[in-house]
Amino acid sequence: MRKLLFMVSFIIISLLGFSQLIDTVPSPVLWYKADSFNDSLSSIYDVSGNEKHIILNQNLHFDDTLINYQNCLISDSVFNHVLLDYRIKDECELTVFSVYRPAADKNAWGIWSMTFDTAAVISISTQDIKDLSNETTIFADTTDNYSVINLLRQKWMHENIDSTVSELRIFGSDSLPYKGSFAEFMLYDTIMQKDDITKVYTYLAIKYGISIYQMDYMNSARDTIWNYEKNEYFSNEVAGIGKDTILNIDQKQSCALGGTSIMDIYTGNLEEKNLDNETVLNQYDFLIWSDNGNPFTFDQTDTLPDEYLKGISLRKWKMTRSGVTAPDINTKIKIAAPQLPDSTLLMLVINRETDYDFKTDSCEIIMPMNMDSTGNFYFEDIYWDVDRSGEDAFAFQYFDLAEYLANNNYSNQETDEDEEEYTQILEFVQNNPEVLEDTPEENEQDQAQEVNEIEELSYFAVYPNPTTGEFSIEIVLDKVTDGKISILDENSRVTEVISLNGSDRYMFNKRIAVKGCYLVVLETEQGKETVKLVVK
């Protein structure tokens with residue numbers, strides 16, 4: 001009886017949420033998401049309102065690593081698919097959205113499949129798509145540990161359905177099992193207009209911090225809140241915060257790449273889950289940011305004219321604002337820069353004119369409130385698009401704190417602004433004394449790194465750091481270089497070795513399940529570099 005009451009209550013709540021979505025988007029006939037998982041009943045509820053609930057025969061549980069602060073589910077072992085209660089139509093225009101993060105593997109994992117008869121099958125894996133004509137399109141040769149929004153559309157007419165074998169599977173396909181995390185699955189079997197698809201894509205992209213390729217973002221009122229064509233050169237790692245109750249969007253903290261990028265922007269306090277963040281945003285207010293795809297290194301050119309800021313990061317961002325009260329949103333930033341040397345300060349630089357030359361007289365320079373021992377810098381009280389132009393340019397500035405303090409004092413500050421900056425820097429050092437202090441062990445490591453420095457290395461970063469398990473390793477070299485990456489645990493045991501062959505750019509997404517301190521060591525013929533990684 002208690003189970004029945006719980007299920008009835010859940011269905012009523014689901015229908016209320018669904019009634020909001022149906023106002024502007026056709027209704028999915030099947031809709032499963034990690035938030036609708038009931039552990040005690042081993043069930044995933046169908047929140048479409050059609051009550052096609054899944055009863056699981058394998059153990060699923062919430063994945064602690066999340067996808068952009070949103071729940072996802074994971075199995076401790078390979079998942080061998082679940083059959084859904086769905087009758088395949090002989091005429092249909094099918095649209096399926098799925099959000100997942102597969103386990104890295106050289107082989108493919110099955111995502112879902114639809115079997116019509118013994119010969120006709122639609123299936124999608126992490127590496128290929130097979131359509132009704134039995135043609136297979138291969139889009140990857142390995143399976144990477146990335147968070148993905150996948151869209152598949154198929155249309156057929158007068159298709160023969162063999163009811164004895166027809167079936168719809170998820171968490172695996174007709175021929176492949178699945179391993180990894182699952183977040184959301186939406187199936188539509190009615191005609192969807194372009195705007196309808198864009199809205200569902202926007203809901204998933206904002207919620208899970210995953211960029212959608214060459215498409216605009218649109219709210220429920222059909223207003224474009226992020227334009228791909230206008231932002232083509234700043235279309236990397238798109239993420240955002242905002243609210244649209246009709247599209248079920250209420251994102252108050254976000255990090256691109258499904259939560260694994262180097263930067264978080266949030267309101268209120270950065271919580272473990274977005275659901276725990278109690279900040280209230282206004283309807284249709286959105287802040288969406290994206291970058292130019294360059295590595296997070298810094299321009300150390302000394303020959304720049306004085307009118308330009310020096311030490312600006314090569315990676316630059318654009319912030320796009322929509323909504324009347326969005327400029328009033330008080331945001332905070334956390335950015336990971338563990339690759340920076342000791343006694344370095346990171347400044348946030350905003351240009352309200354969206355001028356990426358970052359001229360001295362048109363930029364706001366904001367100091368971090370604090371930093372932590374793993375190289376994360378924290379900024380507070382950041383307001384965007386205060387001039388209501390619709391967008392801002394921003395980047396980060398490399399600032400040698402030790403050199404600045406050695407060459408400055410109160411007496412040589414020429415203007416009130418200079419004196420105010422000097423005072424702020426002193427206060428920062430007083431509040432974060434570790435920024436200028438090294439232990440003997442750290443000094444030895446620094447000296448060793450100076451000896452073993454790789455001349456061809458432009459960029460080597462491990463982020464986020466600290467991490468709850470998922471992290472990325474990014475390497476940019478000046479020329480094609482072979483080598484290897486070794487990951488060592490606290491006992492100096494090598495837990496993994498990754499070979500580097502035939503490229504000048506490398507990107508790996510990894511996961512460590514055991515908490516502790518690790519060393520990520522990059523080695524080439526020219527030497528080695530080491531980054532300390534904290535898994536908490």
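See the structure printed just above.
Let me begin by describing the structure that accompanies this report.

Definitions and limits used
- One numbering rule holds for all chains: residues counted from 1, following each sequence as written.
- The predicted origin of the model limits local features to residues at a pLDDT of at least 70 and limits the giving and counting of side-chain atom pairs to 80 or more, whereas totals for whole chains, interfaces and linings rest on all residues.
- Calculation of side-chain values draws on the structure's entire complement of heavy atoms; hydrogens and water are dropped beforehand.
- Note on pairing: two strands pair once DSSP finds at least 2 bridges between them.
- The way it works is that DSSP assigns letters per residue, a run of H or I at least four long becomes a helix, a run of E at least two long becomes a strand, and they are numbered from the N terminus.
- The criterion for an aromatic pair is that two Phe, Tyr or Trp rings (for Trp, the six-membered ring) have centres within 6.5 Å, with stacked assigned to planes under 30 degrees apart, edge-to-face to planes over 60 apart and tilted to the rest.
- Burial classes follow relative accessibility: with a 1.4 Å probe on protein chains only, a residue under 20% of its type's maximum area counts as buried, one over 50% as exposed, and anything between as partly exposed.
- Note on geometry: a ring has a charge over it if NZ (lysine) or CZ (arginine) is within 6 Å of the ring centre and within 35 degrees of the ring normal.

### Some thoughts on the sheet that holds strand S10 (residues 121-125)
The pairing of strands in a sheet comes from backbone hydrogen bonds and takes either a parallel or an antiparallel form.
Part 1 of the reasoning: Taking strand neighbours across the sheet as the criterion, the six strands line up as S7-S14-S9-S10-S11-S12 in an open arrangement whose pairing is antiparallel. Looking at which strands have only one partner, the edges of the open sheet turn out to be strand S7 (82-83) and strand S12 (136-138).
Part 2 of the reasoning: Examined bridge by bridge, strand S9 (residues 110-115) and S10 share five bridges and lie antiparallel to one another. Of the residues in S10, the one forming a bridge with threonine 115 is valine 121.

### Notes on unusual backbone geometry
Part 1 of the reasoning: The omega torsion of the bond from tyrosine 463 to proline 464 falls at -10°, within 30 degrees of zero and hence cis.
Part 2 of the reasoning: When you line up the elements, proline 464 lands in the loop between strand S30 (457-463) and strand S31 (470-477).
Part 3 of the reasoning: In the segment running from asparagine 465 into proline 466, the intervening peptide bond is cis, with an omega of 10°.
Part 4 of the reasoning: Positioned with a positive phi, asparagine 68 is a non-glycine residue whose angle comes to about 50°.
Part 5 of the reasoning: Tracing the backbone shows asparagine 68 in the loop between strand S5 (61-62) and strand S6 (73-74).
Part 6 of the reasoning: Residues other than glycine seldom take positive phi values, yet arginine 222 does so here, at roughly 70°.
Part 7 of the reasoning: Following the sequence through the fold, arginine 222 ends up in the loop between strand S16 (217-218) and strand S17 (224-226).

### What about the packing of aromatic side chains?
To describe a pair of aromatic rings, you give the distance between the ring centres and the angle between the ring planes.
Part 1 of the reasoning: In total, this model carries 24 aromatic pairs according to the counting rule given.
Part 2 of the reasoning: Each ring, one from tryptophan 31 and one from tyrosine 203, has its centre 6.3 Å from the other, and the planes form 90°; the classification is edge-to-face. Remark: tyrosine 203 occurs in helix H2 (residues 194-208) and tryptophan 31 occurs in strand S1 (residues 30-33); sequence separation between them is 172 residues. Accessibility classification places tryptophan 31 together with tyrosine 203 in one group, the buried group.
Part 3 of the reasoning: Here a set of aromatic residues connected by ring pairs shows up, and it is made of Phe296, Phe298, Trp317, Phe379, Trp384, Phe394, Phe396 and Tyr398.
Part 4 of the reasoning: Between lysine 273 and the ring centre of phenylalanine 62, over which it is positioned, the NZ or CZ distance is 5.4 Å.

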